[in-house]
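This is what each chain is made of:
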Amino acid sequence: AAGSTTLEGGYYSVPVPAGTYAVEFSNTNGLYVSEWFEDAASISAATTVGVTENVTDLDASLMLGGRIVGYVLDEAGAPIAWAQVGVASTQPRLGVTATTDAEGRFELPPLTAVDYGVYAVAYGYETRWWQDSATLDTANLVSVATGVTTTVELRLPEGESLPVESTFTSEFAV
């Protein structure tokens, strides 16, 4: 179910059947970082809400974040469509991903203002971290600043793509 906010900052949702729900708060048109009820970063960490009738007093305060946008290209500079782009940080945020369009463009959702490793994965291309690193532990990090959109370009060489988790450290790199 979806809901909307009022001008005063309150919100409402469409009626839902009785049950247990995980509630996510998000701002799809701005730079506010999504969160789950009780400040959880993921659905698996979210506190669920039991609904039997009208529920009130589910409050949230979204934090202003920043964005990472950019392009995924092959070594010759041609765009790679349908590549998956994501981030990893010291605040585990795996699962925050975007898919490139036909022009190789991507836009990640708003992120908390910290440093991130940014990776791209595409069929027929090697998994790469920003500035051509094969692993996260050797990658240059992208600093996300509050209220700022940062543009990056990832270039992928042809080859076998590896699961992102296997590229966290050079111990796992092939």
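Below is a short write-up of the structure. (Residues numbered from 1 in each chain as written. Predicted model: local features only at pLDDT ≥ 70, side-chain atom pairs only at ≥ 80, totals over all residues. Heavy atoms only, no water.)

### Some points on the layout of surface pockets
Rolling a probe over the atoms, with the probe sized like a water molecule, indicates the empty space that remains.
Here's step 1: Within this model, the largest pocket holds a volume of roughly 1100 Å³.
Here's step 2: Elements with a minimum of two residues in the lining of the largest pocket: β1 (3-5), β2 (11-13), β3 (19-22), β4 (24-25) and β7 (48-51).
Here's step 3: Per-class residue counts for the lining of the largest pocket are 18 nonpolar, 11 polar and four charged. (1 Å grid on protein atoms, 1.4 Å probe; cavity = no way out; pocket = protein on both sides within 12 Å on 5 of 7 lines; lining within 4 Å. Points joined across faces, edges and corners; volume = space filled by probe spheres on them. Helix = DSSP H or I, 4+ residues; strand = E, 2+ residues; numbered from the N terminus. Nonpolar A, V, L, I, M, F, W, Y, C, P; charged D, E, K, R; others polar.)

### Here we look at the pattern of salt bridges
Close approach of charged atoms lets side chains of opposite charge pair.
Here's step 1: Summed over all chains, the structure comprises five salt bridges.
Here's step 2: For the salt bridge of Glu107 with Arg67, the shortest nitrogen-to-oxygen distance reads 3.1 Å. Residue Glu107 is located in strand β12 (residues 105-107), and its partner Arg67 is located in strand β9 (residues 67-74); the two are separated by 40 residues in the primary sequence.
Here's step 3: A residue is classified by how much of its surface remains accessible, and Glu107, at 48% relative accessible area, is partly exposed.
Here's step 4: Assessed through its relative accessible area of 14%, Arg67 is described here as buried.
Here's step 5: The shortest N-O distance in the salt bridge between Arg105 and Asp101 comes to 3.0 Å.
Here's step 6: In this structure Asp101 comes out as partly exposed when scored by relative accessible area, which is 26%.
Here's step 7: What emerges from the salt-bridge pattern is a single network uniting Glu126, Arg128 and Asp132. (Salt bridge = Lys/Arg side-chain N within 4 Å of Asp/Glu carboxyl O. Buried < 20%, exposed > 50% of the residue type's maximum accessible area, 1.4 Å probe, protein only.)

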